[in-house]
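Tertiary structure, described
Okay, here's what each chain looks like letter by letter:
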Amino acid sequence: MDLRSARYIASGEARRRVELGRGAPSVVPDHISALPDDLLLLILVRLHCVATAARTGALARRWRILWTQIPALVFPDVSFRCVTTALDALLDSPAATCEVSLLEIRLACATRRFTELLRDATLFQPEEFLLAVPWGACNLHQSVDLPRLNRTTSISLSIGDGKYPTDLRLPPTAAGECLFPALTTLVLSGYYAEGGLATLLSHCPRLIVLRYAVRGHWASHQDYAITIHSATLRELVVEESAMANRVDVAPPVLNQLTVSCYCLIRGDLTTVSIVAPVAEKVWWRCRQSNGLSSGFGCWYLQTVSLMTPPSSPALAAEARRRPWLLRIDAHCRRKGSGSWITDRFEKEVENHLQLQVAADLSAMDLELHLVSAGHVYGALAVYLLGMRRVRTAVRRLKLALTIPEGYRGKRRCNGLCRCEPTQWRSQSISLTELEEVEIDGFQGENHEFDFLEVVSRWAPILRRVTVKPLEGAANDAKIQGIFKAHPSVECCALPSE
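Scope of this entry: the structure provided in the associated data block.

Rules used in this analysis
Residue positions are counted from 1 within each chain, in the order its sequence is given. The predicted nature of this model means local features are confined to residues of pLDDT at least 70 and side-chain atom pairs, given and counted, to a pLDDT of 80 or more, with totals for whole chains, interfaces and linings taken over all residues. No hydrogens and no water enter the side-chain calculation; it runs on all heavy atoms of the structure. By convention a nonpolar core is built from buried Ala, Val, Leu, Ile, Met, Phe, Trp, Tyr and Cys residues, the set being connected through side-chain atoms within 4.5 Å. Exposed residues in this analysis have more than 50% of their type's maximum accessible area, buried residues have under 20%, and partly exposed residues fall in between, with area computed by a 1.4 Å probe over protein chains only. Runs of H or I in DSSP of at least four residues are treated as helices and runs of E of at least two as strands, each being numbered from the N terminus. In what follows, residue pairs with any heavy atoms lying within 4.5 Å of each other are defined as contacts. Strands were regarded as paired on the criterion that DSSP finds at least two bridges between them. Between N or O atoms, a polar contact is any pair within 3.5 Å; within protein, one atom must be a potential hydrogen donor and the other a potential acceptor, and residues adjacent in sequence are included only when both atoms are from side chains. Under the pairing criterion, centres of Phe, Tyr and Trp rings, with the six-membered ring standing for Trp, must be within 6.5 Å; the plane angle then separates stacked pairs below 30 degrees from edge-to-face pairs above 60, leaving the rest tilted. Only one rule defines a salt bridge in this text: a Lys or Arg side-chain nitrogen within 4 Å of an Asp or Glu carboxyl oxygen. Directions from the helix axis toward the C-beta atoms define the arc.

As a further point, take the nonpolar core. Ranked by internal contacts, the top residues of the largest apolar core, which has 139 residues, are Phe75, Leu157, Phe180, Ile228, Trp284 and Phe451. With seven residues, the single largest contributor to this core is helix H9 (residues 378-385). The residues touching Phe451, leaving out its near neighbours within four places in the chain, are Tyr377, Gly378, Ala381, Val382, Leu385, Leu397, Leu399, Trp424 and Ile439.

Dropping the structure here:
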């Protein structure tokens, strides 16, 4: 059937009226076929699927080649063969456009030939290029060549969660040659940039947004570093689970920084250098690969996180008034053995407080998330509160205690345990800015009441203490008795979270 604008189609209702003898047939103009090609192409683009657009060729002769002219090529959840067949048809069609605004390919199943799709991207030179490949296709033992894309402004390459990331190799270039001169947004998930990010970013002189995620570990890159120096970068998101020896981030105009990394410690402190003088939104999280080298008695450092308070348009004014949040995660070994490496523990934590950003680090909230196997946490909490960068800045303290199921209500410490030095109860620390204290997971042990007592003695402007005891561990009378000497302090007990 040839659908041309001069033809008319009788409706089903009109045919029925003729059969019943009730009137002459009425006809309805074919308005769709009367539209110009530009509008028809917009309709095909809205289908968001090249295969569906190609099927419209069954409507009329005019539509058979129309789909080859759409500027946005989207392949949602299709097989590799489907994609290559369609791309070959586009390249062979004389009416096809050689440059497209979008090339989006999301493969539904694994294939080891997905590198051919990267080469096909150079033939179309899309303004935006997205390639998503499920894991299973990417557990390769060879590098993948990244194509040259001169006019592309956005690249997104992702691989489903896998054990080993895939190496991205840059093509050989002449001195001063740039591979991605127009690129402003780069998203890499599951790819490791061979030669490091610094080499890749040197070919992106206009890059504004970088999102980089590598999940997995590999043994071939023993001296791996996260190095990002870009003069134009404004938004940086790094989710790195590979072991990094060094972190060096210095974009001068960056205003949003999100980094989650896994640092490898080999005897020396983790090398962390963050220089982002205008960054106001910061989320920093560093996990330690070898907590044994950063221990405090039987407590070992797991994670150090530093972040600005979450903001929204409705809470923008409140967020500006709230201080930074410093979160420290530590766990206690069950046997309670260990050596005192207090200097190393403090230096490792303060190493992450050297971020040079726009926000003021002179005020902060401190959260201690501790996993204990029946050990005393007072000594560790006192030690962290007494650190030079913490004791004069902390406004709010939260202790979140996690007791393994098999250790609740049981005391595992003995006289030889290293979790509790006897001098911590008699120490004197001036917490001149501390206003609120919250303890979640309170068990009602004697050492926990001792900790509440010393904190109330050290904090002259303390105004509120919230205790969230475990079931059956509350002792409100004893808690209230501690604060009788401090009538200005409001004390309350709430259910544990």
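A separate point is the sheet that holds strand E21 (residues 356-357). Pairing in this open sheet of four strands is parallel, and the strands run E12-E14-E16-E21 from one edge to the other. The two strands at the open ends of the sheet, each matched to only one other strand, are strand E12 (225-228) and E21. Looking at chain direction, strand E16 (residues 271-276) and E21 are connected through two bridges and run parallel. If you follow Ala276 over to E21, its bridge partner there is Val357.

For the rest of this paragraph, the subject is the side chain of Thr466. Along the chain, the position of Thr466 falls in strand E25 (residues 464-469). A distance of 3.5 Å separates polar atoms of two side chains, one belonging to Thr466 and the other to Arg464. Once residues lying within four places of it in the same chain are set aside, the contact partners of Thr466 are Val437, Glu438, Ile439, Cys492 and Leu494.

In this structure, His48 is a non-glycine residue whose phi angle is positive, near 55°. Considering the arrangement of structural elements, one finds His48 in the loop between helix H2 (37-45) and helix H3 (50-55). Even without a glycine there, the phi angle at Asp77 is positive, about 50°. Relative to the helices and strands, Asp77 resides in strand E3 (residues 72-78). We classify Asp77 as exposed; its relative accessible area is 58%.

What follows covers the packing of aromatic side chains. Within this structure, the stated rule accounts for two aromatic pairs. Aromatic side chains Tyr377 and Phe451 sit 6.2 Å apart centroid to centroid with 70° between the ring planes, which places their arrangement in the edge-to-face category. In this pair, Tyr377 sits in the loop between strand E22 (364-371) and H9 while Phe451 sits in helix H11 (residues 446-458), placing the two residues 74 residues apart along the sequence. Tyr377 sits in the buried class, given a relative accessible area of 3%. For Phe451, a relative accessible area of 0% gives the class buried.

Let us now look at the sheet that holds strand E10 (residues 191-193). In space, the three strands of this open sheet follow the order E6-E8-E10, with parallel pairing throughout. Edge positions in the open sheet fall to strand E6 (144-145) and E10, since each of these has one partner strand only. Sheet topology places E6 next to strand E8 (residues 166-169); two bridges connect them, and they run parallel. Counted as the bridge partner of Asp145 is Arg169 from E8.

This part takes up the pattern of salt bridges. Summed over all chains, the structure comprises 15 salt bridges. Where Arg151 meets Glu127, a salt bridge forms, and the shortest distance between an N and an O atom there is 3.2 Å. Here Arg151 is found in the loop between E6 and strand E7 (154-159), whereas its partner Glu127 is found in the loop between helix H5 (115-124) and strand E5 (128-133), with 24 residues between them in sequence. Taken together, the salt bridges that share partners define one network made up of Arg396, Glu435, Glu436, Glu438, Arg463 and Lys468.

Before going further, it helps to examine H5. When H5 is considered as a whole, its buried residues turn out to be Leu117, Leu118, Asp120, Ala121 and Phe124. Seen along its axis, H5 keeps its buried residues to an arc of 160°; they face one direction. Of the surrounding secondary structure, the elements contacted by the buried residues of H5 are E3, helix H4 (80-92), strand E4 (102-107), E5, E6 and E7. Just beyond H5, the residue with positive phi is Gln125, at close to 45°.

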